[in-house]
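# Architecture at a glance
Residues per chain are reported as follows:
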Amino acid sequence: MKSQLIKTRNNFSAKVCSLGLAILFCSNALGQGKDDFRRSELNDFRTRNALRENNSLENAGFAKSDLGLQRPVEVKETGFGYHLGFDTKLYYSNNAASAPSGIGKEPSGIWENSLNNHFILGAFDLGGASFSPILSLGYSKFTHFGDEIIESFDFDTLSISPNAFFQFSNGWTFRAGLGVMLDFAPKEGMEKTYQQISPTLALGKGFAIGAAQSSWEWSLAHHFTDSIHPDEDIMNRFETAFLWSFSIPINRLQISPYIRFAYINYSNQDRYDALASLGLDFRYSFTHWLALNAFFNFSFRGSNNDDYDFTRFDGGGGLGLSAKF
Amino acid sequence: MALFRHLLLTIFCSTLVANQKSDVEVQVTHIVGDSFVSASRNEGEKPIPLVLGDKFKRTSPFAILVAKGSYAEMTLQTEAILRIGQQSVIEFRNPNHLRIFNGSALLLLSKQQSLNLETNGTKIQLTGRGTFMFESPKGKNLKIIMLEGKALLSSAKAKQSLQAGELVLVQAGNPDSGQTINVDLPLLLATSRLINNFSAPLPSQSKLISAAKVQAIRLKKRYEALIGNTNDQNQLRLWALRKEERQLKE
């Protein structure tokens, strides 16, 4: 009886170890999950769009006159602005490690807490285009729960992203930026597990469809990486992505579907991937600073190496606090 | 037409004291409704209707009259574009001197230029480049709104710079330029007939939009009011926005 119990325990330990190794292998060593589409990218995209939509000239909703309606406003000298946001989300993922089918594909609950800062360092009229330097600073904490091993997958992300953002009168936008992202393992003494520096160029366009706002952005980026894998720069890659997002306001509710396609070519591997993400966000604003949100996201990757294929579904909701200064 | 006859008589009287003559070249580039050119010195001459494509050289002073529900756009020899709103009478004293008897207009100065603007009681020099609108509903106070570019306003006693989005009211009989108020440029651009009622956009359209975008990013606060014309005490009227109008906009 005792030996059977020991055997069972040993089997369980072996299973846990192999699962843990598989997940760690997938998530850290090979970097799966690191090269997924992250929601912080979508949030930054939406913040920049908010700058564009804030001055929409369509549907002013007022009667016309020869001179036009003159509403007094107060404006800042240079346009320096600060947007602060805190989001807490609780969601389910059927594949928290973005692993291919098999032992690494484990479901998990994820609690994500994000603090986002966007510094708009002025707005400048270039005579036909406007220019805004924007510095985004974010810190996110991902806490996994469910399986014992999955819990070891917790990580924190620090992102710093300076961008030069140009808006043209016909709705086109151009962005040149540098994205810096660092991942840490909080359960390993905040050991840095991954680092990514990404010079990025992006072209976009925004337009209105009735009351809805739509915008897309096509970006080109090269990610210079450093991970805990023996080949530190194995995740270096070129990525071109197309992100298309809608924002449909219905009173206090905002429905925002989005779709993103990316082609990724790894510099230090014989590997190229196609990554797609489809999502739907709901945001219900109680006040200017408090909103309830729910989201669903489905991602899948196809690679020339089948080991990297995955499908993943995330869904959940949370609360968002925001302030503008 | 009674208003026009009265205004023509006023123009005639006022031009008797105008002593500077020069040729002004005008090309009519857009017409909606009825607009006329009138050489006000010659009492016998009837106002001549403006026709799209007309290109003429007139000796100043002469006036452009735009009837109710009508609009006119013309290019001047200085490469400036002038759009005149309905029920307006604007007299050319010379290519760089306009007297506003009534109504509103938009002027695009594509290069640095000095321009004298005058009403009954105001006289101001505007030096700069850009697009601006002006209005004088009763031919007395003069309201100027800079849409894009920069200008320097000089009156007998004061000088002040004017930037995109700034409105200044020059009061009749007051030699000071007047207080500057920032106005919501995206709303103004979306609701102005002098911008939107013409078949072709202004050559400065992209600059107008970028000025509006910059202002929107710099925006600190929108007041729940709209600026109207002046009252009998020469004060700007402000109209409070109703709640439903606010909701429409916000």
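Everything numeric here is computed off the predicted structure, so don't read it as measured data.

When its secondary structure is counted, chain A shows three helices and 14 strands. Across the 325 residues in chain A, those meeting the buried criterion constitute 34%.

The next subject is the interface of chain B and chain A. Interface extent is often summarised as the accessible area lost during association of the parts. Each partner contributes residues to the interface: chain B has 46 residues there, and chain A has 33 residues. Per-element accounting of the side of chain B that touches chain A gives the leading share, 13 residues, to helix H4 (residues 205–218) of chain B. Across the side of chain B that touches chain A, the residue classes break down as 24 nonpolar, twelve polar and ten charged. Taken together, the three bridges between strand E1 (residues 73–75) of chain A and strand E15 (residues 219–222) of chain B define a ladder with antiparallel strand orientation. Looking across to E15(B), one finds that Val73(A) is bridged to Arg222(B).

This paragraph deals with the nonpolar core. Residues and elements named next belong to chain B. Core analysis: the largest hydrophobic core is formed by 72 residues, its most contacted members being Phe 132 and Met 133. Looking at this core element by element, the count peaks at nine residues for strand E9 (residues 97–119). If we ignore the near neighbours within four places in the chain, the residues touching Phe 132 are Leu 107, Ile 144, Ile 145, Met 146, Leu 147 and Ala 151.

Another aspect to go through is H4(B). Residue and element names in this part refer to chain B. The first and last C-alpha atoms of H4 sit 20 Å apart over 14 residues, in line with the 20 Å expected at 1.5 Å per residue. Most of H4 is tucked away, with twelve of its 14 residues classed as buried. Every buried residue of H4 is accounted for by Lys 207, Leu 208, Ile 209, Ser 210, Ala 211, Ala 212, Lys 213, Val 214, Gln 215, Ala 216, Ile 217 and Arg 218.

All names here are of chain A. By secondary structure assignment, the location of Phe 207 is in strand E8 (residues 191–209). Exposure remark for Phe 207: the 13 C-beta atoms within 10 Å place this residue in the partly exposed category. Residues Phe 207 and Asn 94, 113 residues apart in the sequence, show an inter-C-alpha distance of 35 Å. With residues near it in sequence (within four places) discarded, Phe 207 still touches Gly 171 and Ser 214.

Moving on: the pairing of strand E5 (residues 129–145) of chain A. Two faces belong to every sheet, and in a regular strand the side chains alternate between them. Residues and elements named next belong to chain A. As paired strands, strand E3 (residues 108–121) and E5 are joined by twelve bridges and run antiparallel to one another. Within E5, the position partnered with Asn 117 by the bridge is Leu 137. Pairing geometry for strand E4 (residues 124–125) and E5, over two bridges, is antiparallel. Following the sheet pairing, Asp 125 is matched in E5 by Ser 130. Taking the residues that link successive antiparallel strands as the turn, the E4-E5 hairpin has three residues, and the phi of Gly 127 there is positive, at about 70°. As paired strands, E5 and strand E6 (residues 155–168) are joined by 14 bridges and run antiparallel to one another.

Our next topic: unusual backbone geometry. Residue and element names in this part refer to chain B. A cis amide bond links Ser 60 to the next residue, Pro 61, at an omega of 0°. Relative to the helices and strands, Pro 61 is located in the loop between strand E4 (55–59) and strand E5 (62–66). A positive phi is found at Glu 79, a non-glycine position, where the angle reads about 70°. Checked against the element boundaries, Glu 79 lands in the loop between strand E6 (71–76) and strand E7 (81–84). Glu 79 sits in the exposed class, given 12 other C-beta atoms within 10 Å.

Before going further, it helps to spend a moment on the pairing of strand E2 (residues 80–93) of chain A. Residues and elements named next belong to chain A. In terms of strand pairing, E2 meets E3 through 14 bridges, oriented antiparallel. The residue bridging Tyr 91 from the neighbouring strand is Ile 110, located in E3. Where E2 and strand E14 (residues 310–324) come together, eleven bridges link them in antiparallel fashion. Paired with Leu 90 across the strands is Gly 317, a residue of E14.

Looking now at the environment of Val214(B). Along the polypeptide, Val214(B) turns up in helix H4. The class of Val214(B) is buried, set by 27 C-beta atoms lying within 10 Å. The sequence separation of Val214(B) and Ala164(B) amounts to 50 residues, and the corresponding C-alpha distance is 9.7 Å. Filtering out sequence-adjacent residues up to four positions away, Val214(B) remains in contact with Gly79(A), Ala123(A), Phe124(A), Asp125(A) and Ser130(A).

Let us look at the environment of Phe92(B). Residue and element names in this part refer to chain B. You can see Phe 92 is positioned in strand E8 (residues 88–94). Under the C-beta neighbour-count criterion, Phe 92 is labelled buried, with 22 such atoms within 10 Å. Separated by 53 residues in sequence, Phe 92 and Ala 39 have C-alpha atoms that sit 9.9 Å apart. When near neighbours in sequence (up to four residues on either side) are disregarded, Phe 92 contacts Val 24, Ser 60, Pro 61, Phe 62 and Leu 98.

The subject of this paragraph is the confidence of the model for chain A. Residue and element names in this part refer to chain A. Within chain A, residue pLDDT values average 84, and 85% of them lie at 70 or more. Counting contacts from residues 1–32, a segment whose pLDDT is below 50, to residues more than four positions away or on other chains yields 37 contacts. Below a pLDDT of 50 lies the segment residues 56–60, which in the model reaches ten contacts outside its immediate sequence neighbourhood of four places, other chains included.

Conventions and cut-offs
Residues numbered from 1 in each chain as written. Chains lettered and ligands numbered in written order. Predicted model: local features only at pLDDT ≥ 70, side-chain atom pairs only at ≥ 80, totals over all residues. Helix = DSSP H or I, 4+ residues; strand = E, 2+ residues; numbered from the N terminus. Buried ≥ 20, exposed ≤ 12 C-beta atoms within 10 Å, placed from the backbone. Contact = placed C-beta atoms within 7 Å. Nonpolar A, V, L, I, M, F, W, Y, C, P; charged D, E, K, R; others polar. Pairing = 2+ DSSP bridges. Core = buried A, V, L, I, M, F, W, Y, C linked by C-beta atoms within 7 Å. Expected span 1.5 Å × (residues − 1). pLDDT = per-residue confidence, 0-100.

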